[in-house]
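Inside the fold
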Amino acid sequence: MVGQVMLKMMEYYTGDPRRINHFLKVFGFAKAIGEGEGQDARTQAILEVAALTHDIGIKNSEAKYASSSGEHQQIEGPPVAEKLLRSLGADDDLIARVCFLIAHHHIYRDIEGMDYQILVEADFLVNAYEDNLSTDAVRSFERKVFKTKTGKALLHALYGA
């Protein structure tokens, strides 16, 4: 299913290479961190689907609110993701967890579950580069949020933090 989701997301964001590249990079880091941390197959599949769809709410957020803010994305994303995942025959539990992760991936407190933790770390690895964050900002986020050994190793490799 992961490959099907990837193709559907590329279709959804046709003509928007920046968004496509973003979710593909988050997917790559999420996959690497999840495998590095030894996630079971089910958690890994949920994580990978969530990484591909985590920003699916941006299009509707920009159309409705002229904003891609995390708050708007987290409201607009789950219904679109649910529709996409149902069209691919995903089961209810996977859909529910992916929609939860989409609705919370910009909330960095009370992180519950390795899929959630890894998604936040993977998204940050990409956002830090795309937003040209300072070394101090990267180090601060690492201290406050990063928990996985693999995520920290990738952060240090990328940013020397």
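We now turn to the structure provided with this report. (Residues numbered from 1 in each chain as written. Predicted model: local features only at pLDDT ≥ 70, side-chain atom pairs only at ≥ 80, totals over all residues. Heavy atoms only, no water.)

**Description of the side chain of Thr-53**
Position of Thr-53 among the secondary structure elements: in helix H3 (residues 41-53). What Thr-53 contacts, discounting residues up to four positions off in sequence, is Val-5, Met-9, Val-98 and Ile-102. (Helix = DSSP H or I, 4+ residues; strand = E, 2+ residues; numbered from the N terminus. Contact = heavy atoms within 4.5 Å.)

**A word on the pattern of salt bridges**
Two side chains that carry opposite charge are able to pair once their charged atoms sit near each other. Scanning the model with the defined rule gives ten salt bridges in all. Arg-97 is paired through a salt bridge with Asp-115; the nearest N and O atoms lie 2.6 Å apart. Separated by 18 residues along the polypeptide, Arg-97 in helix H6 (residues 92-104) and Asp-115 in helix H7 (residues 114-130) bring together distant segments of the chain. Its relative accessible area of 6% is what places Asp-115 among the buried residues. Linked through salt bridges whose partners overlap, the residues forming this network are Asp-16, Arg-19 and Glu-62. (Salt bridge = Lys/Arg side-chain N within 4 Å of Asp/Glu carboxyl O. Buried < 20%, exposed > 50% of the residue type's maximum accessible area, 1.4 Å probe, protein only.)

**What to know about the environment of Glu-76**
The residue Glu-76 is located in helix H5 (residues 70-87) in this model. A polar contact of 3.0 Å, which involves the side chain of Glu-76, links it to the side chain of Lys-64. (Polar contact = N/O pair within 3.5 Å; in protein donor to acceptor, adjacent residues only side chain to side chain.)

**Quick notes on the packing of H7 against helix H8 (residues 135-145)**
One can describe the packing of H7 onto H8 by two numbers: an axis separation of 12 Å at closest approach and a directional angle of 180°. Put simply, H7 runs roughly antiparallel to H8. Every residue of H8 that contacts H7 at Gln-117, Val-120, Glu-121, Phe-124 and Ala-128 is listed here: Ala-137, Val-138, Phe-141 and Val-145. Here the residues of the contact of H7 with H8 sort into seven nonpolar, one polar and one charged. (Axes fitted to C-alpha atoms, helices over the stretch in contact; angles between N-to-C directions. Parallel < 35°, antiparallel > 145°, perpendicular 65-115°, else oblique. Nonpolar A, V, L, I, M, F, W, Y, C, P; charged D, E, K, R; others polar.)

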